[in-house]
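# Secondary and tertiary structure notes
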2 protein chains.
Amino acid sequence: MQSYDDLEQAISSRYPELSRRLQQIAHYALEHPNDMAFEKVATIAERAGVQPSTLIRFAKAFAYSGFSEMQQVFRARLMETTPSYAERLRRVRQQQSPEGSPDQILAHFITAGHHALDHLGQEIDPEAMQRACELLASAETIYIVAQRRSFPVAAYFAYALGHLGLHAHLVDGMGGMAEQQAAAMRTDDALIMVSFHPYAEETQQIARVARDRGVPAMAITDSPLSPICQLGDPVFEVHDGEVQSFRSLTATMTLAISLVVALGQRLDLSLGGAGACAQTRETRDRNA
Amino acid sequence: MQSYDDLEQAISSRYPELSRRLQQIAHYALEHPNDMAFEKVATIAERAGVQPSTLIRFAKAFAYSGFSEMQQVFRARLMETTPSYAERLRRVRQQQSPEGSPDQILAHFITAGHHALDHLGQEIDPEAMQRACELLASAETIYIVAQRRSFPVAAYFAYALGHLGLHAHLVDGMGGMAEQQAAAMRTDDALIMVSFHPYAEETQQIARVARDRGVPAMAITDSPLSPICQLGDPVFEVHDGEVQSFRSLTATMTLAISLVVALGQRLDLSLGGAGACAQTRETRDRNA
DNA sequence: GAGCGAGTGAAACAGACGTTCCGTTATCTT
DNA sequence: AAGATAACGGAACGTCTGTTTCACTCGCTC
């Protein structure tokens, strides 16, 4: 029982057979693992509303020699993955521009990526994701438009949606035919727009075409002031790290894959179980 | 001096004026903050090679009432951002397949992204990044090849390298002309290959052409068993999260942007200061 | 309802801990 | 070179901590 995972599981599973006071401690331990790691027995006992001796009984009930030995497990939990992550976040907060050797630059973007992912989780509206899934699930054909720096995201959408067996059409503007490609959109289709500052004109153009033709459109962008904000619904605002105009697409790509997988699950469910599952597996083998 | 950031900065800045033993402790404290948070005075003293009393002198030198008070700062550091992040990582380790509502799926990929970034930092060889930069810096034209799921990475490379003012050529195989496009490669060019399981045949084909023609080639792939491992140098092995065959490109894209920025910095340096800087800024404004 | 056993609370104990103190050593000044 | 000052090592001290012990209570069984 040296890992916290094991201990946590043991506490959970043996909870019912514990005595009342021991349950009280189990409750407190799982809810305040930080206290368990740092505080003295007396402090924890007081906060949990038990006697210090009961804490030792608790530890012994889980085969530790005493409380101190159990406390080591709670401390190890804080040491395992944490320090490097928190450490690096701290660095980036202080030093904004990446400098030095290539691996220092890599370390910088890794940290910036962590940051972006954290924010992504906090800022995305669950209800908007739900709406986006429904929008895409009911579309006959899905058009995707994104230029320049956003283009890799579009390429990813096109590839992944194709894998779900959906009709996905990448409006790449090849041969200057973007608007002609977009002109084929119908009201039972859907459009995915991705655009970041300074917002390529071509993308806005197609967004307006979609609005005029009544084609439902969702958007991924970087600011509520973005011109495509009024042209899409739902709109996802993503804040990726940016350095010297080079935007890391970490958060954006994560949002993209999440949408695709959520959509895939929704389609599986609506088709119902086994058959759909087989279809997914069949699709899977065509990967590159 | 209640935040770890302040303490760290104070230790760094006052380091020169400290006595020899106190410097010894300063060194140890910054390198082993975990020990400082958890271990007893005697343990830390032994590991740092000083007497316990010296540790108290150290703490008092930074205006703490004693060692214990200073230790609280090191402990607080571990509590601040940690639990949620480590907690989520733990969940993902247990539950591999994402299920549930769209935002739960998003949360899953966010955590997987954190994971992938952590590993990226540990696994990438700094020396290989250095070599890759030199390779790309000295190339006349940079060719990029990647198919299907890897294609978004190639698109990103092509866009970003173009922004550095380099000749970047995306071998997209349009119209089945991939090999003809590749045939233009010369020995003073360079090739970037990106390929993940199951390794598109077209990419391997072009990799062989490059080898036969003596064109230096770097590779990003997902396994040492990948067929392009022997065809490239340096080779970067990246382990992105994968769910139901949908590969999150988080780590790969982070590596890509890092390479590009490191390369950009190298070019700036070799061109020398102001002029190159202005060029970068000029390029910046053309972004989309 | 009496006897039994596990569970619990509170105080006592032994050991460890952080801290202080003082003799010694090193470093810089005059 | 000698003194003065700061730094240091190591032992001693008093406190605090984890643990143990034991008396007591509660809940069950016969």
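Residues numbered from 1 in each chain as written. Chains lettered and ligands numbered in written order. Predicted model: local features only at pLDDT ≥ 70, side-chain atom pairs only at ≥ 80, totals over all residues. Heavy atoms only, no water.

If you check an unreviewed UniProt entry, chain A appears there as Fe-S cluster assembly protein HesB from Rhodovibrio sodomensis.

### Structural notes on the sheet that holds strand β1 (residues 141-146) of chain A
All names here are of chain A. Heads up, the condition is: A pair of strands counts as paired when DSSP detects no fewer than two bridges linking them. To qualify as a helix, a DSSP run of H or I must reach at least 4 residues; to qualify as a strand, a run of E must reach at least 2; elements of each kind are numbered from the N terminus. For helices, the fitted axis covers only the stretch in contact; all axes are lines through C-alpha atoms, and the angles between them, taken along N-to-C directions, range from 0 to 180 degrees. In what follows, a contact means two residues having at least one pair of non-hydrogen atoms within 4.5 Å.
Strand order in the open sheet formed by five strands is β2-β1-β3-β4-β5, and the pairing between neighbours is parallel. Because the sheet does not close on itself, it has two edges, and the strands there are β2 (167-171) and β5 (235-237). The mean angle between the axes of side-by-side strands here comes to 15°, regardless of whether they run parallel or antiparallel. Two elements, β1 and β2, share five bridges in a ladder whose sense is parallel. Bridge pairing in β2 links Val145 to Val171. With respect to the sheet, helix α12 (residues 201-213) is in contact with β1, β2 and β3 (190-195), its orientation differing from that of β3 by roughly 155°.

### As for the pattern of salt bridges
All names here are of chain A. Operational definition: Salt-bridge detection follows one rule: a side-chain nitrogen of Lys or Arg within 4 Å of a carboxyl oxygen of Asp or Glu.
Using the criterion set out here, one finds 19 salt bridges over all chains in the structure. For the salt bridge of Glu202 with Arg148, the shortest nitrogen-to-oxygen distance reads 3.8 Å. Separated by 54 residues along the polypeptide, Glu202 in helix α12 and Arg148 in the loop between β1 and α10 (151-163) bring together distant segments of the chain. Look at the salt bridges and you will find they share partners, linking Glu127, Arg131 and Asp233 into a network.

### A few points about the sheet that holds strand β4 (residues 217-221) of chain B
Residues and elements named next belong to chain B. Here we have five strands laid out as an open sheet, ordered β2-β1-β3-β4-β5, and parallel in their pairing. This sheet does not close on itself; its edge strands, each paired only once, are β2 (167-171) and β5 (235-237). Direction aside, neighbouring strands of the sheet carry axes that sit 15° apart on average. Helix α9 (residues 126-137) contacts β1 (141-146), β3 (190-195), β4 and β5 of the sheet and is inclined by roughly 135° relative to β4.

### Observations regarding the protein's contact with DNA strand D
Selection criterion: If even one non-hydrogen atom of a residue comes within 4 Å of a molecule or strand, that residue is called near it. Side-chain atoms alone can form a polar contact between residues adjacent in sequence; in general such a contact is a pair of N or O atoms within 3.5 Å, and within protein one must be able to donate a hydrogen while the other accepts it.
Not every one of the 17 residues close to DNA strand D is listed here, only the nearest: Lys60(A), Ser19(B), Arg21(B), Gln51(B) and Arg57(B). At a separation of 3.1 Å, a phosphate oxygen of DNA strand D approaches a polar backbone atom of Val41(A). Where the surface near DNA strand D is concerned, the elements lending two or more residues are α4 (41-48), α5 (52-61) and α6 (67-79) of chain A together with α2 (20-31) and α5 (52-61) of chain B. Sort the elements by how many residues they give to the surface near DNA strand D and α5(A) lands first, with four residues.

### Quick word on the protein's contact with DNA strand C
Counted only if it meets this: Amino acids are sorted into nonpolar (Ala, Val, Leu, Ile, Met, Phe, Trp, Tyr, Cys and Pro), charged (Asp, Glu, Lys and Arg) and polar (every other residue, Gly among them).
Surrounding DNA strand C, one finds 16 residues, the nearest of these being Ser19(A), Arg21(A), Gln51(A), Arg57(A) and Lys60(B). Counting only atoms of DNA strand C within 4 Å of the protein, the fraction found in sugar and phosphate groups is 67%. Between DNA strand C and Ser19(A), the relevant distance is 2.6 Å, taken from a phosphate oxygen to a side-chain nitrogen or oxygen of the residue. In this structure, a sugar or linking oxygen belonging to DNA strand C sits 3.1 Å away from a side-chain N or O atom of Ser68(B). Going through the elements one at a time, α2 (20-31) and α5 of chain A together with α4 (41-48), α5 and α6 (67-80) of chain B are the ones with two or more residues in the surface near DNA strand C. Class assignment for the residues of the surface near DNA strand C results in four nonpolar, seven polar and five charged.

### Examining the nonpolar core
In plain terms, the rule: Only buried residues count toward a nonpolar core. Its members are Ala, Val, Leu, Ile, Met, Phe, Trp, Tyr and Cys residues joined through side-chain atoms within 4.5 Å. Exposure categories follow from relative accessible area, calculated using a 1.4 Å probe and restricted to protein chains: below 20% of the type maximum is buried, above 50% is exposed, and the middle band is partly exposed.
In terms of nonpolar packing, the biggest core is built from 103 residues, with Phe157(A) and Phe157(B) touching the most fellow members. Ala26(A), Phe38(A), Ala45(A) and Val73(B) belong to the second largest nonpolar core, which has 54 residues in total.

### A short note on the packing of aromatic side chains
Worth spelling out the cut-off: Between rings of Phe, Tyr and Trp, where Trp is taken as its six-membered ring, a pair exists when centres lie within 6.5 Å; planes separated by under 30 degrees are stacked, by over 60 edge-to-face, and by other angles tilted. Whether a charge sits over a ring comes down to the Lys NZ or Arg CZ being within 6 Å of the ring centre and within 35 degrees of the ring normal.
Tallied over the entire structure, the rule returns five aromatic pairs over all chains. When the centroid spacing of 5.0 Å and the interplanar angle of 50° are considered together, the rings of Phe58(B) and Phe62(B) count as tilted. Phe62(B) shares its class with Phe58(B); the two are buried. Seen from the ring of Tyr4(A), Arg77(A) lies directly overhead, with NZ or CZ sitting 5.2 Å from the centre.

### Some words on the packing of α2(A) against α5(A)
Any two packed helices are characterised by the angle at which their axes cross and by the distance between the axes. Residue and element names in this part refer to chain A. Our working definition: Orientation is classified from the angle alone, with under 35 degrees giving roughly parallel, over 145 giving roughly antiparallel, 65 to 115 giving roughly perpendicular, and any other angle giving oblique.
Their axes nearest at 10 Å, the elements α2 and α5 cross at an angle of 80°. As judged from the angle between their axes, α2 and α5 are roughly perpendicular. In contact with Arg21, Leu22, Ile25 and Ala26 of α2, α5 contributes Thr54, Leu55, Phe58 and Ala61. By residue class, the composition of the contact of α2 with α5 is six nonpolar, one polar and one charged.

### Side note on the pairing of β3(A)
Residue and element names in this part refer to chain A. Worth spelling out the cut-off: When the strands point away from the viewer, a crossover counts as right-handed if the path from the first strand over the helix to the second runs clockwise.
Where burial is concerned, most of β3 is hidden: six out of the six residues are buried. Of the two faces of β3, the one holding Ala190, Ile192 and Val194 and the one holding Leu191, Met193 and Ser195 are both buried throughout. In the sheet, β1 pairs with β3 via five bridges, with the strands oriented parallel. If you follow Tyr143 over to β3, its bridge partner there is Leu191. Pairing of β3 with strand β4 (residues 217-221) involves five bridges; the strand directions are parallel. Counted as the bridge partner of Met193 is Ala219 from β4. In this fold, the crossover linking β3 to β4 by way of α12 has right-handed handedness.

### Some remarks on the side chain of Thr250(A)
As for its position among the elements, Thr250(A) is in helix α13 (residues 250-271). Residue classification places Thr250(A) among the buried positions, given a relative accessible area of 1%. Setting aside its immediate chain neighbours within four residues, Thr250(A) contacts Gly113(A), Leu117(A), Asp240(A), Thr250(B) and Thr254(B).

### Here we look at unusual backbone geometry
In the segment running from His197(A) into Pro198(A), the intervening peptide bond is cis, with an omega of 5°. In this structure, Pro198(A) sits in the loop between β3 and α12. Residue Pro234(B) is reached from Asp233(B) by a cis peptide bond, and omega for that bond is 0°. Examined against the element boundaries, Pro234(B) turns out to sit in the loop between β4 and β5. Positive phi is not limited to glycine here, since Ala63(A) has a value of about 70°. Looking at the secondary structure, you find Ala63(A) in the loop between α5 and α6.

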